Amino acid sequence: MSKTGSEAPLWAPRHSGWKMAHHLLPSFVLFAFLAGTGIYAALHASPVLSTALIASALAVLLGVASAYRRPTEDHAAGTEAVLTSTGPRAATWFPMFRTSAQWAAVVMGLAVVILVATVALSARLLILQDYDPLVLIILLAIFLLATGIYVLNRGIRLARIAAASQEPGVYLTRSRIVVHGSRGAREIYWNDVAGIEAADPARHKPLGKRGPAWIVVRQEAGEQARAGKVVILVHELTANPDQLLRTLEHYWANPGDRAELGTGAALVRVATLRPSP
């Protein structure tokens, strides 16, 4: 049975500006710490350390700015063609946030600066100057390397979205679910779906009342494939996540209705699955 808009939504409405600041408080604190220590290092003649710290602070600031750049209003589902493993198919499309190539390049550039500066700093203090205490330098190097790798991974995900010819989003065709996002392209046939649920990563709860971080489509184990899952990152969606979840559940539970996917009839049905304000 399809779900109706009378049910309570799982996800809180999107906010912008200072309304969302409490969700980003840890990022603001981390930015202040990194920027402050970077400026302190620059004033005390430690340019390499200062470069790594300030680049890390800028990466955190870009992360905060990207959250503010996301639309505050949900984008409506539409009809789009999607390239699948067996060719192009008409689909009902739930859009995701698309970044620019310039934004991705800046993030990746900051990651390279952090990593290069960290390696240079570690070599200088451990090899050239035999710095003591050793454990302090090791901990600092680990922290900065982890920061650089995290920023680089984020930049790669942004670049993957920016470079893709297919608009990012979740595409529902008559035969399958296709996801184009920061993790690349994934698809799963409706007949292989074992369950659909809203979930959080293991041992992780998002800060604030924003709802689960993922929409997970689980796959049954077949003769030639293991059981797996397709993960839809809710924070990347510009479509309404409640509406997407209810649409997925409806077409999974009602195979006879899948023939309308990719047509105007599907958009009419999807509109009825939107949660009440």
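Our subject is the structure listed above.
The model shown is predicted, which means the values in this text are computed figures rather than measured ones. (Residues numbered from 1 in each chain as written. Predicted model: local features only at pLDDT ≥ 70, side-chain atom pairs only at ≥ 80, totals over all residues. Heavy atoms only, no water.)

Draft legend 1. Layout of the overall build of the chain. Counting its regular elements, the chain contains six helices and eight strands. In sequence order, the secondary structure elements of the chain are arranged as α-α-β-β-α-α-β-β-β-β-β-β-α-α. Within the chain, the proportion of its 277 residues that are buried is 40%. Residue pairs at least 24 apart in sequence account for 69% of intrachain contacts in the chain once pairs closer than 6 positions are excluded. Summing over all exposed atoms, the chain offers an accessible surface of approximately 14,700 Å²; the carbon and sulfur share of this is 63%. (Helix = DSSP H or I, 4+ residues; strand = E, 2+ residues; numbered from the N terminus. Buried < 20%, exposed > 50% of the residue type's maximum accessible area, 1.4 Å probe, protein only. Contact = heavy atoms within 4.5 Å. Areas by Shrake-Rupley, 256 points an atom, 1.4 Å probe, with all protein chains shown as cover.)

Draft legend 2. The arrangement of the sheet that holds strand S2 (residues 87–95) in detail. Pairing is antiparallel in the open sheet, where five strands are placed in the order S1-S2-S3-S4-S5. Here the strands that pair on one side only, and so sit at the sheet edges, are strand S1 (78–84) and strand S5 (184–189). For this sheet, the mean angle separating the axes of adjacent strands, direction not counted, is 30 degrees. Lying on the sheet, helix H6 (residues 264–272) is in contact with S1 and S2; it crosses S2 at an angle near 25 degrees. (Pairing = 2+ DSSP bridges. Axes fitted to C-alpha atoms, helices over the stretch in contact; angles between N-to-C directions.)

Draft legend 3. Representation of the pattern of salt bridges within the structure. According to the stated counting rule, one finds five salt bridges in the structure shown. Glutamate 197 is paired through a salt bridge with arginine 218; the nearest N and O atoms lie 2.6 Å apart. Taken together, the residues glutamate 197 in strand S6 (residues 193–199) and arginine 218 in strand S7 (residues 214–219) connect sequence positions 21 residues apart. You can call glutamate 197 partly exposed: its relative accessible area is 32%. The closest approach of N and O atoms between arginine 269 and aspartate 257, which form a salt bridge, is 3.7 Å. In this pair, arginine 269 is assigned in helix H6 and aspartate 257 in the loop between helix H5 (241–253) and H6, connecting sequence segments 12 residues apart. Residue class for arginine 269 comes out partly exposed when judged on its relative accessible area of 26%. Here the salt bridges do not stand alone but share partners, grouping Asp257, Glu260 and Arg269 into one network. (Salt bridge = Lys/Arg side-chain N within 4 Å of Asp/Glu carboxyl O.)

Draft legend 4. Inspection of the environment of proline 71 at higher detail. As for its position among the elements, proline 71 is in the loop between helix H2 (47–69) and S1. Placed 26 residues apart in sequence, proline 71 and phenylalanine 97 show a C-alpha to C-alpha distance of 8.3 Å.

Draft legend 5. Molecular detail of helix H1 (residues 25–43). Counted at 1.5 Å a residue, the expected span for H1 with its 19 residues is 27 Å, and the 27 Å between its end C-alpha atoms agrees. By the burial criterion, the buried members of H1 are Leu34, Ala35, Gly38 and Ala41. Projection of H1 onto a plane perpendicular to its axis shows the buried side chains occupying an angular sector of 125 degrees, all on one side. In H1, the exposed residues that point more than 90 degrees away from the buried face are Leu25, Val29, Tyr40 and Leu43. Phi for alanine 45, located one or two positions after H1, is positive at around 60 degrees. (Expected span 1.5 Å × (residues − 1). Arc of directions from axis to C-beta.)

Draft legend 6. Seen up close, the pairing of S5. Here six bridges tie strand S4 (residues 176–181) to S5, and the two strands are oriented antiparallel to one another. Residue pairing in the sheet places histidine 180 in a bridge with alanine 185 of S5. The turn linking S4 back onto S5 is made up of two residues.

Draft legend 7. Looking closely at the packing of aromatic side chains. Under the counting rule described, the total for this entry stands at one aromatic pair. Judged by centre distance (6.1 Å) and plane angle (20 degrees), the rings of tryptophan 93 and tyrosine 171 are stacked. With tryptophan 93 in strand S2 and tyrosine 171 in strand S3 (residues 169–172), the pair connects residues that are 78 residues apart, well separated along the chain. Taking relative accessible area as the criterion, tyrosine 171 reaches 0% and is therefore assigned buried. (Phe/Tyr/Trp six-rings, centres within 6.5 Å; stacked < 30°, edge-to-face > 60°.)

Draft legend 8. Region of the structure containing the nonpolar core. Val170, Ile177, Ile232 and Leu248 are the most contacted members of the largest nonpolar core, which totals 26 residues. When residues of this core are traced back to their parent elements, those giving at least two are S3, S4, S6, S7, strand S8 (228–233), H5 and H6. Those residues in contact with isoleucine 232 that lie beyond four places of it in its chain are Met96, Val170, Val179, Ala213, Trp214, Ile215, Leu237, Leu244 and Leu248. (Core = buried A, V, L, I, M, F, W, Y, C linked by side-chain atoms within 4.5 Å.)

Draft legend 9. Structural view of the side chain of aspartate 242. Take aspartate 242: it is sitting in helix H5. At 4.3 Å, arginine 246 is the nearest oppositely charged side chain to aspartate 242, a buried residue that forms no salt bridge. Contacts of aspartate 242, omitting those with residues within four sequence positions, involve Pro9, Leu10, Trp11 and Pro275. (Lys, Arg positive; Asp, Glu negative; His and termini not counted.)

Draft legend 10. Highlighting the environment of leucine 53. Note on placement: leucine 53 falls in helix H2. Separated by 20 residues in sequence, leucine 53 and phenylalanine 33 place their C-alpha atoms 9.2 Å apart. Other than its neighbours up to four places away in sequence, leucine 53 contacts Leu34, Thr37, Gly38 and Leu144.

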